[in-house]
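Topology and contacts: notes
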Amino acid sequence: MATTTHLPVIPINPKEKHAQPIIDYAIEENVLQHVRANRWLAIDLGSFRVVRFNWVVFSMASFVLWAFVVGVLASEKKDSKENGALQEFALWKTWITQNFTWLYIATQDAWGVFVIYMAFSRFGHLKLGKDNEQPAYNDATWFSMLFCSGVGIGLYMYGVSEPIYYYRGGADNKLFK
C-alpha cells in the first residue's frame, strides 16, 4: 500500500484574517522583541525621537560602502592621470549591457506572463482589504494613476540621462562583445 505525502497547508479562515493585532513599531518595546537589544541604538532629545538603528549593520555597511568609494576615487592609472576604476566600470557596464540584454528582456517577459496568469487564475479576484470595504478608486482611475506614474518615472529618468548619454558618447563610442 503506497502512502502519499501532502505538503503542509496553513489553515486560513477568511473570517479571522484580521484577528491578529497590528504591531506598532513606533513603540520601542515592540521593536526590541525582534532586534537584539545590545545592537539597537536609540537617541532621543526630550520627547523627540532623533535616531533609531542597528549600529552593527549600519557600521559594517558604511565601512564597506566608503572603502569602495575611496578605493574607486583614489585609483589612477600609472601611465596617465585618468581614473582607472571608473574606466574599468564603464567597460564592465558596456559588456554587461551588450551581452545580457536578452536576460533582462526574458525576465521582464516572464514577469509579464506571470502577472497575466495571476489575473486570470483563481487569485485574480482576491480582494485586498476587509470584506465589507468598497474600493477607494475604480479600475479606470487605478489604471490612469499607474500609467501616469510610469510615464513620470520615464520622463524623470530618461529626460536627463538619454541626452547626456548621446552627448558624451560621441562618434568614437566603442562596442565590446
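For the structure itself, look to the data block above.
What you are looking at is a predicted structure, and each value in this text was computed from that prediction instead of being measured. (Residues numbered from 1 in each chain as written. Predicted model: local features only at pLDDT ≥ 70, side-chain atom pairs only at ≥ 80, totals over all residues. Heavy atoms only, no water.)

A word on the overall build of the protein. Check the secondary structure of the protein and you find 4 helices and 2 strands. Start at the N end of the protein and walk to the C end: the helices and strands fall as α-β-β-α-α-α. In the protein, buried positions account for 5% of the 177 residues. Total accessible area on the protein stands at roughly 16700 Å², and carbon and sulfur atoms take up 67% of it. (Helix = DSSP H or I, 4+ residues; strand = E, 2+ residues; numbered from the N terminus. Buried < 20%, exposed > 50% of the residue type's maximum accessible area, 1.4 Å probe, protein only. Areas by Shrake-Rupley, 256 points an atom, 1.4 Å probe, with all protein chains shown as cover.)

We now examine the packing of aromatic side chains. By the definition in use, this model includes 8 aromatic pairs. A ring pair is formed by Phe68 and Phe89, whose centres lie 5.7 Å apart and whose planes are at 40 degrees; its orientation type is tilted. With a gap of 21 residues between them, Phe68 in helix α2 (residues 55-74) and Phe89 in helix α3 (residues 84-120) connect regions that are remote in the sequence. Residue class for Phe89 comes out partly exposed when judged on its relative accessible area of 28%. On the numbers, 6.1 Å between centres and 20 degrees between planes, the contact of Phe143 with Phe147 is stacked. On the criterion of helical spacing, the pair formed by Phe143 and Phe147 is a turn pair, its members being 4 residues apart in helix α4 (residues 139-169). Note on Phe143: relative accessible area 57%, which makes it exposed. (Phe/Tyr/Trp six-rings, centres within 6.5 Å; stacked < 30°, edge-to-face > 60°.)

Moving on to the side chain of Asn30. Note that Asn30 resides in helix α1 (residues 28-32). Residues in contact with Asn30, not counting those within four places in the same chain, are Ile23, Asp24 and Tyr25. (Contact = heavy atoms within 4.5 Å.)

Another aspect to go through is the pattern of salt bridges. Here the structure, examined in full by the defined rule, presents 2 salt bridges. Notably, a salt bridge pairs Arg52 with Glu28, separated by 2.8 Å at the nearest N-O pair. Linking Arg52 in strand β2 (residues 48-54) with Glu28 in helix α1, this pair joins segments that are 24 residues apart in sequence. Salt bridges linked by common partners bring Glu28, Asp44 and Arg52 together as one network. (Salt bridge = Lys/Arg side-chain N within 4 Å of Asp/Glu carboxyl O.)

This paragraph deals with α3. The end-to-end C-alpha distance of α3 is 52 Å, a good match for the 54 Å that 37 residues give at a rise of 1.5 Å each. The largest bend along α3 measures about 60 degrees and falls at Phe100. (Expected span 1.5 Å × (residues − 1). Bend = angle between axes of the 7 residues up to and from the residue.)

Of the strand pairs in this sheet, strand β1 (residues 40-45) and β2 are connected by 6 bridges, and their pairing is antiparallel. By the bridge assignment, Ala42 is partnered in β2 with Arg52. Linking two consecutive strands that pair antiparallel, namely β1 and β2, is a turn of 2 residues; a positive phi of about 70 degrees is found at Gly46 within it. (Pairing = 2+ DSSP bridges.)

With that settled, consider a nonpolar patch on the surface. Taken together, the side chains of Leu91, Trp92, Trp95, Ile96, Phe100, Trp102 and Leu103 present a nonpolar region at the surface, about 730 Å² in accessible area. Its place among the elements puts Phe100 in helix α3. When its relative accessible area of 35% is taken as the criterion, Phe100 is described as partly exposed. (Patch = residues over 30% accessible without salt bridge, like charges linked within 9 Å, V, L, I, M, F, W, Y side chains within 5 Å.)

Because each turn of an α-helix spans 3.6 residues, side chains separated by three or four positions end up pointing in the same direction. Compared with an ideal rise of 1.5 Å per residue, which puts 20 residues at 28 Å, α2 spans 28 Å between its outermost C-alpha atoms and is within 8% of the ideal. In this structure Asn54 caps α2, since a side-chain oxygen of it lies 3.2 Å from the backbone nitrogen of Val56. (Polar contact = N/O pair within 3.5 Å; in protein donor to acceptor, adjacent residues only side chain to side chain.)

This is a description of form; function is not addressed.
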